[in-house]
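# A look at the structure
Chain by chain, the residues run as shown.
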Amino acid sequence: MNNRYIIGTGYVNTFNGVDLFRRELMEYWLRNNLKTSSPELIFVLSMRGSRFNHEDVNEINIPGNTGQLNELIDGRKYDFSGASASCLTLAMVAYCNECDFIYKEQDVLCFGNWVEKLYECAGDGAGCMGPNDPCPSGTGLMLFRHAFIPKIVARYLSSRPEHDQNSLMEHHFHEMHDLLRTYSMGFDKKRPVDFDAETFFIHQPSLGDIETLKQKGLL
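Scope of this entry: the structure provided in the associated data block.

Cut-offs used in this document
- Residues numbered from 1 in each chain as written.
- Predicted model: local features only at pLDDT ≥ 70, side-chain atom pairs only at ≥ 80, totals over all residues.
- Heavy atoms only, no water.
- Helix = DSSP H or I, 4+ residues; strand = E, 2+ residues; numbered from the N terminus.
- Rg over C-alpha atoms; globule rule 2.2 N^0.38 Å.
- Buried < 20%, exposed > 50% of the residue type's maximum accessible area, 1.4 Å probe, protein only.
- Contact = heavy atoms within 4.5 Å.
- Areas by Shrake-Rupley, 256 points an atom, 1.4 Å probe, with all protein chains shown as cover.
- Pairing = 2+ DSSP bridges.
- Axes fitted to C-alpha atoms, helices over the stretch in contact; angles between N-to-C directions.
- Arc of directions from axis to C-beta.

## Remarks on the overall build of the chain
Scanning the chain from terminus to terminus reveals 7 helices and 10 strands. The C-alpha atoms of the chain give 16 Å as radius of gyration, which agrees with the globular expectation for 219 residues (17 Å, within 12%). C-alpha atoms of the chain, sized along the principal axes, occupy 45 × 45 × 35 Å. Looking at the chain residue by residue over its 219 residues, the buried ones come to 48%. The contacts in the chain between residues at least 6 apart in sequence include a share of 63% that link residues at least 24 apart. For the chain, the exposed surface amounts to about 10200 Å²; the carbon and sulfur share of it is 49%.

Here's what the structure looks like:
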């Protein structure tokens, strides 16, 4: 496989009580990228004054953040959340660098030939996303092909704002099923996880998941 791609995520590490684990998980996220993939660049858009500060990461630091779902629903913030805004922003960074874009959320860890699986699913199409189980679509891990990035971004931004429970990031991408194909790869947010599977990814790993991955030699 000889595809040029950038891996990117948004990053926030300013919540009391979980800061240490969030920072630690980002260390695993980066180590996981370097061990299992060959991106041209790794980008992190750090919001709310967060800083990751790692030599293997191209980091964009901003003090602002367009908010989480609850802030958008009750009108305290804007039309699009920090998660979707960072995804679309970094997709355009990849476009500027003439690369495909892999959005791999800050709490997603992937193992085996996961990059190849994404490209196999996308084929010559616009890209791919996860299945609509348990969410309307799996947005923690997505691939956007370079030529289609402007169309994906424009379509998202011209859609309705994220102001209710039926207009989440997962709903918006689910509605692009004519553009984005759906890959089949365990386990996302589902549990239990078969840690001996040849290729898989997990979203929102627990401390127990992290410990098992260490014991398996995967982290």
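From this point on, the discussion continues.
## Comments concerning the sheet that holds strand β3 (residues 58–61)
The strand order β3-β2-β1-β4-β7-β6-β8 describes an open sheet built from 7 strands, whose pairing is mixed. Among the strands making up the open sheet, the edge pair consists of β3 and β8 (180–182). Across the sheet, the axes of successive neighbouring strands diverge by a mean angle of 25°, strand direction being ignored. Here strand β4 (residues 100–104) pairs with strand β7 (residues 138–144) via 4 bridges, running antiparallel. Bridge pairing in β7 places F101 opposite F144. Sitting on the sheet, helix α3 (residues 82–96) is in contact with β1 (5–11), β2 (41–46), β3, β4 and β7, with an inclination near 155° to β4.

## Notes on the sheet that holds strand β5 (residues 108–111)
An order of β5-β10-β9 is seen for the 3 strands of this open sheet, with the pairing classed as mixed. Whereas interior strands pair on both sides, the edge strands pair on one side only; in this sheet they are β5 and β9 (187–188).

## Quick look at the side chain of H171
When you line up the elements, H171 lands in helix α6 (residues 169–174). Accessibility expressed as a relative area gives 17% for H171, which makes it buried.

## Examining helix α4 (residues 114–122)
For an α-helix the count is 3.6 residues per turn, leaving residues at separations of three or four pointing the same way. Of the residues making up α4, those classed as buried are W114, V115, L118, Y119, C121 and A122. The arc that holds every buried residue of α4, seen down its axis, measures 160°, which confines them to one face. Of the residues one or two after α4, G123 is the one with positive phi, at around 55°.

## Quick look at the environment of E198
Residue placement: E198 occurs in the loop between β9 and β10 (200–203). Classification of E198 by relative accessible area gives exposed; the value is 67%. Sequence spacing of E198 and N113 is 85 residues, and the spatial spacing of their C-alpha atoms is 7.8 Å. For E198, the residues in contact, after removing those within four places along its chain, are F111, G112 and N113.

## A short note on unusual backbone geometry
Across the junction of G186 and F187, the peptide omega takes the value 5°, indicating a cis bond. Mapped onto the secondary structure, F187 falls in strand β9. Here the amide bond leading from R191 into P192 is cis, since omega sits at 5°, within 30 degrees of zero. Structurally, the position occupied by P192 is in the loop between β9 and β10. In the Ramachandran plot, E98 falls in the positive-phi region, its phi being about 60° despite a non-glycine side chain. Structurally, E98 is set in the loop between α3 and β4. For D188, which is not a glycine, the phi torsion comes out positive at approximately 55°.

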